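# Residue-level structural notes
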Amino acid sequence: MEVLQNLIDQTAFANGTMDWRSYVMILVAFLFLYLAIKKGYEPLLLVPIAMGMLLVNIYPQIMEEGGLLEYFFKLDEWSVLPSLIFLGVGAMTDFGPLIANPKSFLLGAAAQFGIFSAYILAILMGFNGAAAAAISIIGGADGPTSIFLAGKLGQTNLMGPIAVAAYSYMSLVPIIQPPIMKLLTTEKERCIKMEQLRPVSKLERILFPIVVTTIVCLILPSTAPLIGMLMLGNLFKESGVVKQLAETASNALMYIVVILLGTSVGAKTSGANFLTPDTLKIVVLGLVAFAVGTAAGVLFGKLMCIATKGKVNPLIGSAGVSAVPMAARVSQKVGAEADPTNFLLMHAMGPNVAGVIGTAVAAGVFMAIFGVH
């Protein structure tokens with residue numbers, strides 16, 4: 001009977017580590033798994049996040065000192081995993097559309113308006129400057145940058161809600177963006193066909209990551225971990241002399257890092273720490289920032305459409321958020337709904353890549369403002 005009692009006492013139901021908040025978060029984990037597996041919404045992100053969420057709400061010790069996922073999370077705090085994610089993204093991404101159409105930088109910059117509007121709103125809602133900056137980066141729909149900035153600004157207590165909100169909105173890009181895009185554009189604008197992009201030479205592709213790294217890191221040295229890794233991964237890809245490194249960065253290493261980062265982010269969502277008024281504010285602020293960023297990109301796209309006398313489809317402006325390549329695919333999908341013969345994907349990849357760089361630069365600006373190196 002004593003052995004049986006010991007077994008019963010060790011269950012999650014009896015050991016006093018779970019309350020109603022834990023059960024709520026377990027249900028949220030099940031919802032994420034459903035969206036990932038059944039609906040196919042970014043399963044590479046949502047499956048590890050959901051499992052981390054499930055584990056920590058059943059067995060909180062997994063995130064306490066000495067717990068498995070606590071070691072994983074240290075790599076987030078030290079900015080190791082976000083930087084390695086950028087290395088993989090760079091190795092997987094074609095910067096050709098951005099090089100062929102440098103005006104795409106303007107669309108990527110316009111989409112960052114959501115970040116700075118959320119920063120002001122977060123301060124008005126009672127967050128201090130550093131916390132408001134960390135929260136506002138969610139508007140870039142860039143999970144690694146959100147984690148990176150939260151760690152640099154000392155906001156590790158908010159890192160869980162910030163990261164979950166950022167990755168959730170990244171996953172829900174196909175749901176959130178289309179209504180905004182359709183609301184702000186006309187049927188005629190969505191049907192605009194853009195001219196084919198010019199071919200980009202190998203020399204341009206090799207010089208681009210070198211030049212961007214040099215310029216951005218000279219102006220904002222604190223962005224070096226993100227911009228440097230992003231451009232290093234792209235240089236692996238474009239140089240053609242280190243194919244093994246490019247393949248490793250874009251495949252094996254990338255997937256290993258996603259497992260570590262996803263489970264550790266999910267494990268920061270224990271019910272006791274996650275279900276708070278501040279968390280609700282963060283989720284709302286993230287959604288507002290993302291919506292404003294999408295709208296700003298589309299509206300600037302409309303402005304470019306007018307300036308070029310109808311040569312730019314405003315839909316590609318929505319890809320200025322840095323969810324690569326999901327946002328570009330959404331631009332293609334909405335454009336194809338208006339005209340099945342319209343192919344916007346490569347045009348949208350320009351603003352999409354510019355958005356990745358823009359969000360990292362925005363993070364660098366915040367670090368400069370708060371004196372973080």
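The rules behind these values
Residues numbered from 1 in each chain as written. Predicted model: local features only at pLDDT ≥ 70, side-chain atom pairs only at ≥ 80, totals over all residues. Heavy atoms only, no water. Helix = DSSP H or I, 4+ residues; strand = E, 2+ residues; numbered from the N terminus. Rg over C-alpha atoms; globule rule 2.2 N^0.38 Å. Buried < 20%, exposed > 50% of the residue type's maximum accessible area, 1.4 Å probe, protein only. Contact = heavy atoms within 4.5 Å. Lys, Arg positive; Asp, Glu negative; His and termini not counted. Charge placed at Lys NZ, Arg CZ, Asp CG, Glu CD. Axes fitted to C-alpha atoms, helices over the stretch in contact; angles between N-to-C directions. Parallel < 35°, antiparallel > 145°, perpendicular 65-115°, else oblique. Nonpolar A, V, L, I, M, F, W, Y, C, P; charged D, E, K, R; others polar. Phe/Tyr/Trp six-rings, centres within 6.5 Å; stacked < 30°, edge-to-face > 60°. Lys NZ or Arg CZ within 6 Å of the ring centre and 35° of its normal. Salt bridge = Lys/Arg side-chain N within 4 Å of Asp/Glu carboxyl O. Expected span 1.5 Å × (residues − 1). Left-handed = near helix turned anticlockwise from the far one by under 90°.

Let us now look at the overall build of the protein chain. Counting its secondary structure elements, the protein chain contains 21 helices and zero strands. Taken against the 2.2 N^0.38 rule, which gives 21 Å for 373 residues, the C-alpha radius of gyration of the protein chain at 21 Å falls within 12% of a compact globule. Each principal axis of the C-alpha distribution contributes one length, and for the protein chain these read about 80 × 45 × 40 Å. Out of the 373 residues in the protein chain, the part that is buried amounts to 55%. Residue pairs at least 24 apart in sequence account for 77% of intrachain contacts in the protein chain once pairs closer than 6 positions are excluded. With 22 positive and 20 negative side-chain charges, the protein chain shows a separation of 14 Å between the mean positions of the two kinds.

In this section: the packing of helix 11 (residues 156-171) against helix 12 (residues 173-184). The contact between helix 11 and helix 12 brings their axes to 5 Å, and the two run at 65 degrees. Between helix 11 and helix 12, the angle is such that the two are roughly perpendicular. Residues Tyr-169, Met-170 and Ser-171 of helix 11 lie in contact with helix 12, whose contacting residues are Val-173, Pro-174 and Ile-176. Broken down by class, the residue content of the contact of helix 11 with helix 12 amounts to five nonpolar, one polar and no charged.

We now examine the packing of aromatic side chains. Applying the stated criterion to the full structure yields four aromatic pairs. On the numbers, 5.4 Å between centres and 40 degrees between planes, the contact of Phe-116 with Phe-366 is tilted. Taken together, the positions of Phe-116 in helix 8 (residues 113-124) and Phe-366 in helix 21 (residues 345-369) put the pair 250 residues apart, joining distant regions of the chain. Among the aromatic residues, ring-to-ring pairing joins Phe-116, Tyr-119 and Phe-366 into one connected group. Directly above the aromatic system of Phe-73 lies the positively charged group of Lys-268, at a separation of 4.7 Å from the ring centroid. Note that Lys-281 overlies the ring of Phe-127, its terminal NZ or CZ placed 5.8 Å from the centroid.

Opposite charge on two side chains makes pairing possible when the charged atoms of those side chains draw close. Evaluated as defined, the whole model comprises 12 salt bridges. When the shortest N-O distance is used, the salt bridge between Glu-187 and Arg-190 registers 3.0 Å. Linking Glu-187 with Arg-190, this pair stays in helix 13 (residues 187-190), spanning three residues, or about one helical turn. Overall, the relative accessible area of 11% leaves Arg-190 in the buried class. Residues Glu-337 and Lys-333 are paired through a salt bridge, measuring 2.9 Å at the closest nitrogen-oxygen approach. Highlighted residues: Glu-337 and Lys-333, both in helix 20 (residues 326-338), separated by four residues, approximately one helical turn. Take Glu-337: its relative accessible area is 44%, and that puts it in the partly exposed class. When its relative accessible area of 52% is taken as the criterion, Lys-333 is described as exposed.

With that out of the way, let us pick up the side chain of Ser-239. For Ser-239, the location among the structural elements is in helix 15 (residues 224-239). Leave out the neighbours within four places in its chain, and Ser-239 touches Lys-202 and Ile-206.

Turning our attention to the environment of Phe-72. You can see Phe-72 is positioned in helix 4 (residues 68-77). Leaving out residues up to four positions away in the same chain, Phe-72 has contacts with Leu-81, Leu-260, Thr-263 and Ser-264.

The next thing to look at is the environment of Leu-54. By the secondary structure assignment, Leu-54 is in helix 3 (residues 43-58). Taking relative accessible area as the criterion, Leu-54 reaches 13% and is therefore assigned buried. Sequence-distant contacts of Leu-54, that is, excluding residues within four places in its chain, are made with Ile-26, Ala-29 and Phe-30.

In this section: helix 3. A rise of 1.5 Å per residue sets the reference length of helix 3, with its 16 residues, at 22 Å; its end C-alpha atoms lie 22 Å apart and thus fit the reference within 8%. Looking only at helix 3, the buried set comprises Leu-45, Leu-46, Pro-48, Ile-49, Ala-50, Gly-52, Met-53, Leu-54, Val-56 and Asn-57.

Okay, unusual backbone geometry next. Cis geometry is found at the peptide bond from Val-324 to Pro-325, where omega equals -10 degrees. One non-glycine residue, Ser-79, adopts positive backbone phi at about 70 degrees. Residue position: Ser-79 is located in the loop between helix 4 and helix 5 (80-92). Taking the relative accessible area as the measure of exposure, Ser-79 reaches 7% and is therefore buried. At Lys-309, a position not held by glycine, the phi torsion is positive, near 60 degrees.

This next bit is on the packing of helix 3 against helix 11. Two numbers describe how helix 3 lies on helix 11: the axes approach to 10 Å, and their chain directions differ by 145 degrees. At the point where helix 3 passes helix 11, the crossing takes the left-handed sense. Together, Leu-45, Leu-46 and Ile-49 of helix 3 and Tyr-167, Met-170 and Ser-171 of helix 11 make up the contact between the two elements. Split by residue class, the contact of helix 3 with helix 11 holds five nonpolar, one polar and no charged.

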